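Remarks on the overall topology
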Amino acid sequence: MLEITTTRMQSRPVDEREIETLAAELDGYLVREGDAQYDSARAVWNGMIDRRPALIVRCHSPQDVQRAVRFASAHTLRLSVRGSGHHVAGSAVNDGGLVIDLSEMKQIQVDAQARTARAQPGVNWGELDRATQAYGLATPGGVVSDTGIAGLTLGGGFGWLRNKYGLSSDNLISAEIVTADGRLLKTNENENADLFWALRGGGGAFGIVTSFEYRLHPVGPDVFTLFCFHDGSRARELLRFYREFIASAPDEISSFAVLAKIPASEHFPAEHHGKPTLLFQACYLGDPAEGERLLQPLRDIAAPLVDLSSVMPFVEMQTLWDEEYPRGELRYYWRSTYLKTFSDEAIDRLIALIAEAPSALTTLDLWAMGGAFSRVAPDATAFAHRDAAMNIGIEANWADTADDEANIGWARRVTQELEPFSTGGQYLNFPGFFEEGEAALRQAYGSNYDRIMAIKAKYDPYHLFPMK
Ligand SMILES: Cc1cc2nc3c(=O)[nH]c(=O)nc-3n(C[C@H](O)[C@H](O)[C@H](O)COP(=O)(O)OP(=O)(O)OC[C@H]3O[C@@H](n4cnc5c(N)ncnc54)[C@H](O)[C@@H]3O)c2cc1C
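Since the model is a prediction, treat every value here as computed from it, not as a measurement. (Residues numbered from 1 in each chain as written. Predicted model: local features only at pLDDT ≥ 70, side-chain atom pairs only at ≥ 80, totals over all residues. Heavy atoms only, no water.)

**Quick word on the overall build of the protein**
Let me state the cut-off plainly: Helix numbering and strand numbering both begin at the N terminus, where a helix is a DSSP run of H or I of at least 4 residues and a strand a DSSP run of E of at least 2. With the radius of gyration taken over C-alpha atoms, the globule rule is written as 2.2 Å times the number of residues to the power 0.38. By definition, residues are in contact when any of their heavy atoms lie within 4.5 Å. In these tables, accessible area is a Shrake-Rupley quantity obtained with a 1.4 Å probe, and a residue counts as shielded only by the protein chains included in the view.
What the protein contains, in helices and strands, is 16 helices and 21 strands. The C-alpha atoms of the protein give a radius of gyration of 22 Å, which matches the 23 Å a tight globule of 468 residues would have. Counting only C-alpha atoms and orienting by the principal axes, one finds that the protein spans roughly 70 × 55 × 40 Å. Taking contacts inside the protein between residues at least 6 apart in sequence as the whole, the part at least 24 apart equals 74%. Here the protein displays about 18,000 Å² of accessible surface, and carbon together with sulfur accounts for 48% of that area.

**So, the sheet that holds strand β4 (residues 55-58)**
Where we set the bar: The rule for pairing is simple: two strands pair if DSSP sees at least two bridges between them. Note on method: axes are straight lines fitted to C-alpha atoms, helices fitted across the in-contact stretch only, with angles between N-to-C directions ranging 0 to 180 degrees.
Sheet architecture is open: 4 strands sit in the order β3-β4-β6-β5, paired in mixed fashion. Taken across any chain shown, the strands that pair with only one partner, and hence form the sheet edges, are β3 (29-32) and β5 (79-82). The mean angle between the axes of side-by-side strands here comes to 20 degrees, regardless of whether they run parallel or antiparallel. Examined bridge by bridge, β4 and strand β6 (residues 98-101) share 4 bridges and lie parallel to one another.

**Concerning empty space enclosed by the protein**
Rolling a probe over the atoms, with the probe sized like a water molecule, indicates the empty space that remains. Let me state the cut-off plainly: A 1.4 Å probe that fits into a set of points on a 1 Å grid over the protein atoms alone but cannot get out defines a cavity; an open set with protein on both sides within 12 Å along at least five of seven lines defines a pocket, and lining residues are those with an atom within 4 Å of a point. Grid points are joined across faces, edges and corners, and a volume is the space filled by probe spheres set on the points. Charged residues are taken to be Asp, Glu, Lys and Arg, nonpolar residues to be Ala, Val, Leu, Ile, Met, Phe, Trp, Tyr, Cys and Pro, and polar residues to be all remaining types, Gly included.
Counted by the stated rule, this structure contains 2 cavities of 30 Å³ or more. Here the second largest cavity defines a volume of roughly 30 Å³. Lining the second largest cavity are Gly155, Gly201, Tyr338, Phe383, His385, Gln426, Tyr427, Leu428 and Ala444. A breakdown of the residues in the lining of the second largest cavity according to their chemical character gives 5 nonpolar, 4 polar and no charged.

**Points about the domain arrangement of the protein**
Using the following cut-off: Residue ranges assigned to the domains are those given by an automatic or database domain assignment. Once two parts are brought into contact, the accessible area they lose, counted with a 1.4 Å probe and summed over both, makes up the buried area. The rule for a salt bridge is simple: a side-chain nitrogen of Lys or Arg has to be within 4 Å of a carboxyl oxygen of Asp or Glu.
By domain assignment, the protein separates into domain 1 (2-101), domain 2 (108-219) and domain 3 (222-445). Taking only C-alpha atoms into account, the centre of domain 1 sits 24 Å from that of domain 2. The interface of domain 1 with domain 2 comprises 11 residues on the first partner and 16 residues on the second. Each partner contributes to the roughly 1,000 Å² buried at the junction of domain 1 and domain 2, and carbon and sulfur atoms together form 66% of this total. At the surface where domain 1 touches domain 2, the tally comes to 0 salt bridges.

And the structure:
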């Protein structure tokens, strides 16, 4: 007998013969304590997370997902679903329960003529971008190439194509999903349309997606990339200028501003390491020369500390942040809040708060919202927060266990201090550790909360799939 934790957090003995039967049926394989792969299979991106599941089902096919879901359902096991394991809360793994691990399901099919791509849930953005860019196409993804397409798309997904083409979830044409009863369903605007609506921003609460079909757009292959680090002591004036700039920028420009410290890396002169900085980063979709001309004011506004802006392949742009977010090495606690307006007061508060961050690795990421992202109606998909001026990513990043409390405390305080400026919403994919429970979901789902919960009740009445 193997003791496995149930959905009610009790321990239940499961007969070894049933586990062996499951293992024998799988196209993939089972990993459990004592196996050589156990430690790597339970490790996730956030170095703070150290959980020990009883069983990890490494799925290789949608049928494996069905087998694993039926097994979990029959024994009412505590369940986690893993795409690429990037969620900051470590929701891809649990203690004592079952993990349905999709990380080895990596098929991608691009139909260049139809401008669509189908990808399995273990694919990450670097892999999908490379496959679609082979045809000069792309779909909106995240800004770090190692991040999984699955969790990111289901929570919404913003990156460098958002002003022109919207969220990742806005570009989902269809999805196949295994529901709590073990069925494999097609979802799109016409089939299981309620479920398809919920998958676009409602997260992983409704079942396990085994295939994502995306709409593709012509992108690059070369794009002009603004990557300009200014002196942080001038952040107040620069952010006021940025506010004016984005108000009239065309949809071809998606950008953010980051309050941070210059990293101690070879890419930056040693005399600047550790200095407060305000980074402007942007991607222009279209003629790179025109992009450079349009984005020049964000470079000219002050003498940059370091300016790494250039024309580069889109796939390279998508890796610019990779080095800063090593898998498993650092400790991370990320939250977010949407701002109603980007007021002078909000700017001053943000500048004061970053100066109080306990870690030099920490950043405040100011994602300017607008364009196609904001033209989708809040109830068109499960992603409600369409009218915010900005999303503030509150990213506490640090190395030492001893500094956990100080860093987490700072990020929570920032969230509270930004409340007067906030719409009251937060992004499902940057929710801290979901420690506010139900309240965190209400903030993430906003005006779509009731509709999302009704769909949850219809497809997963016994809460097999965790909402957070
Ligand atoms: C370094 C880094 C950079 C990031 N950059 C961005 C960014 O630019 N833009 C942005 O919007 N977000 C960004 N994020 C947040 C990202 O969207 C989330 O972390 C997302 O959960 C990652 O997806 P994953 O598949 O790797 O997650 P996992 O940790 O594997 O999964 C997270 C949760 O998603 C659900 N899930 C995963 N796969 C499935 C599936 N197939 N079916 C059903 N549910 C599933 C499950 O509930 C699971 O617990 C970033 C995160 C990191 C760590």
